[in-house]
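Working through the structure, step by step
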Amino acid sequence: DLGQRRYQGPDKARLIVQRGRLNTLDDIRDAVLRPLFRDARLHFALSLAAVGDPDIGPLALSSVDLDAQLTDAARRCVNHPRGAAARDDGSIAVSALFFRHRDDFGGDEDDLRAWLARYAVGPLAARLAAGAPLVRASWDGRINLLSPSR
């Protein structure tokens, strides 16, 4: 049962040697890239390719267009139902990514709402502006759990 196994996707595999130490993609993202760039938009450019993660961008990141690419990735994620989605009860279901890395988005719910509002459009933007409560959406990592066919 894929839903019951502990998540061990490619981001957890120790495959990268850096300064004589075997690292995971998580190590590189969390210990190198996030502290270096201090830009929450980075989360949307470094997808784990899991069902619950932001889509992988259409182009490789480029230093020439990096700011525009990060803004586009943030806008695409925030306005996708996996990023933030209005619920029937008036709240907004927000990707677990925002809660998992809360400090990168300001630290509290008001900061997160303001961060989301920078990239939201249409009804989502209106609901954020009205102060709708944010609730954590479930995260689905199953795509990274698929095993070769037998």
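All figures in this text were calculated on a predicted structure; none of them were measured in a lab.

Definitions and limits used
Residues numbered from 1 in each chain as written. Predicted model: local features only at pLDDT ≥ 70, side-chain atom pairs only at ≥ 80, totals over all residues. Heavy atoms only, no water. Pairing = 2+ DSSP bridges. Helix = DSSP H or I, 4+ residues; strand = E, 2+ residues; numbered from the N terminus. Axes fitted to C-alpha atoms, helices over the stretch in contact; angles between N-to-C directions. Buried < 20%, exposed > 50% of the residue type's maximum accessible area, 1.4 Å probe, protein only. Contact = heavy atoms within 4.5 Å. Phe/Tyr/Trp six-rings, centres within 6.5 Å; stacked < 30°, edge-to-face > 60°.

A separate point is the sheet that holds strand 4 (residues 92-94). With mixed pairing, three strands are arranged side by side in an open sheet as 3-4-5. The outermost strands of the open sheet, each flanked by one partner alone, are strand 3 (84-86) and strand 5 (134-136). On average, each strand axis in the sheet is tilted by 30 degrees relative to the strand beside it, whichever way the strands run. The sheet contact formed by strand 4 and strand 5 spans three bridges and is parallel. In the strand pairing of strand 5, V94 is matched with R136.

In this section: the environment of A84. Structurally, the position occupied by A84 is in strand 3. For A84, a relative accessible area of 7% translates into the label buried. Through-space distance from the C-alpha of A84 to that of V135 is 9.5 Å; in sequence the pair is 51 residues apart. A84 has contacts with C77, V78, I92, A93, V94 and L124, leaving out every residue within four places of it along the chain.

Right, let's talk about the packing of aromatic side chains for a bit. A full pass over the atoms with the stated rule returns seven aromatic pairs. Seen from their ring centres, F105 and W115 are 4.8 Å apart, and the 85 degrees between their planes marks the pair as edge-to-face. One end of the pair, F105, is in the loop between helix 4 (96-100) and helix 5 (109-119); the other, W115, is in helix 5, with 10 residues separating them in the sequence. Take F105 and W115: they sit in the same class, and that class is buried. Aromatic rings pair up to connect F44, F98, F105, W115 and Y119 into one cluster.

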